[in-house]
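The primary structure of each chain is shown beneath.
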Amino acid sequence: IRTLLIDADLRNPGLTRTLGIRAEGGLIEAAVAPQNWRSLLKHDRQTGLTILPAMVRGRFSHTSELLSSQGMRRLLELARENFDYVIVDLPPLAPVVDAKAFEPLADAFVMVAEWGRTPRAMVRSTLSSEPRIAGKILGVVLNGVKLSSLSRYGAFGSSEQFLRSYSSYSLDRTET
């Protein structure tokens, strides 16, 4: 499966930073000149992903305009012709407008919430205030789950209650 991962968090490109990608250009250049987008791609041997990094130099204040631009639309069309999946990592939905601006170009969304840091009320209110995005949500990923505390949140008799009993079967030793 050919998968392209685009770091579209132009305010805080954490994905590019976390993967340690060093490049001369990235998403901004690809959206401005989509015909040259392939030269900006990086391949991660560990994950097998092809990545279009976010290389931001200085302050870039018109991120939502770039993410909703005709160049971005063309870039996504080209990417869909060359990859089975195109995943776009956007900045948080609540505090910035970028995901809302990108919504017309997205087929679907997967929301990521961080265990112990993202209040449920914020998730609910954000999705209720953004019905177009909410209508495209495939699911929510709960990131950074503390497995040792998970059993307290499951219903009586649920699989979470028996996590320790079968964790050696389903998890790497490094996760338990």
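Just above, that's the structure.
Residues numbered from 1 in each chain as written. Predicted model: local features only at pLDDT ≥ 70, side-chain atom pairs only at ≥ 80, totals over all residues. Heavy atoms only, no water.

**Points about the side chain of Asp9**
In this structure, Asp9 sits in the loop between β1 (3-7) and α1 (14-18). No salt bridge forms around the buried Asp9; measuring N to O, its nearest opposite-charge neighbour Arg11 is 6.0 Å away. (Helix = DSSP H or I, 4+ residues; strand = E, 2+ residues; numbered from the N terminus. Buried < 20%, exposed > 50% of the residue type's maximum accessible area, 1.4 Å probe, protein only. Lys, Arg positive; Asp, Glu negative; His and termini not counted. Salt bridge = Lys/Arg side-chain N within 4 Å of Asp/Glu carboxyl O.)

**Comments concerning the nonpolar core**
Ranked by internal contacts, the top residues of the largest apolar core, which has 34 residues, are Leu27, Trp37, Leu52 and Phe102. Of all the secondary-structure elements, those providing two or more residues to this core are β1, α2 (27-32), α3 (63-67), α4 (70-82), α5 (98-102), β5 (109-114) and α6 (120-129). With five residues, the top contributor of residues to this core is α4. Discounting residues that sit within four places of it in the chain, Leu27 has contacts with Ile6, Asp7, Ala8, Leu10, Leu52, Pro53, Ala54, Leu67, Met72 and Leu75. (Core = buried A, V, L, I, M, F, W, Y, C linked by side-chain atoms within 4.5 Å. Contact = heavy atoms within 4.5 Å.)

**Structural notes on a nonpolar patch on the surface**
On the surface, Val110, Val112, Leu138 and Val141 cluster together into a nonpolar patch covering about 380 Å² of accessible area. Listing elements by their share of the nonpolar patch, those giving two or more residues are β5 and β6 (137-143). In this structure, Val110 sits in strand β5. By relative accessible area, which is 48% here, Val110 ends up partly exposed. (Patch = residues over 30% accessible without salt bridge, like charges linked within 9 Å, V, L, I, M, F, W, Y side chains within 5 Å. Areas by Shrake-Rupley, 256 points an atom, 1.4 Å probe, with all protein chains shown as cover.)

**Looking at the pattern of salt bridges**
Under the defined criterion, the tally for this structure stands at eight salt bridges. The salt bridge involving Asp98 is made with Arg11; its shortest N-O contact spans 3.4 Å. Residue Asp98 is located in helix α5, and its partner Arg11 is located in the loop between β1 and α1; the two are separated by 87 residues in the primary sequence. Among the salt bridges present, the one from Arg132 reaches Glu103, with a minimum N-O distance of 3.1 Å. Taken as a pair, Arg132 in helix α7 (residues 131-134) and Glu103 in the loop between α5 and β5 lie far apart in primary sequence, 29 residues in all. Connected via shared salt-bridge partners are Glu103, Arg132 and Lys136.

**Points about the side chain of Asp44**
With respect to the element layout, Asp44 can be found in the loop between β2 (42-43) and β3 (50-52). One polar contact links Asp44 to Thr47, side chain to side chain, over a distance of 2.7 Å. Those residues in contact with Asp44, other than ones at most four positions away along the chain, are Leu49 and Ile51. (Polar contact = N/O pair within 3.5 Å; in protein donor to acceptor, adjacent residues only side chain to side chain.)

**Looking at α6**
Taken together, the buried positions of α6 are Val123, Thr126 and Leu127. Down the axis, α6 shows its buried residues gathered within 95° of arc, on one side only. Counted as exposed and oriented over 90 degrees from the buried face of α6: Arg124 and Ser128. In this fold, the buried residues of α6 make contact with β5, α7 and β6. (Arc of directions from axis to C-beta.)

**Some points on the packing of aromatic side chains**
Under the defined criterion, the tally for this structure stands at one aromatic pair. The interplanar angle of 65° and the centroid separation of 6.2 Å between the aromatic rings of Trp37 and Phe83 together place this pair among those described as edge-to-face. Within this pair, whereas Trp37 is found in the loop between α2 and β2, its partner Phe83 is found in the loop between α4 and β4 (85-89), the two being separated by 46 residues in sequence. Neither residue differs from the other here; Trp37 and Phe83 are each classed as buried. (Phe/Tyr/Trp six-rings, centres within 6.5 Å; stacked < 30°, edge-to-face > 60°.)

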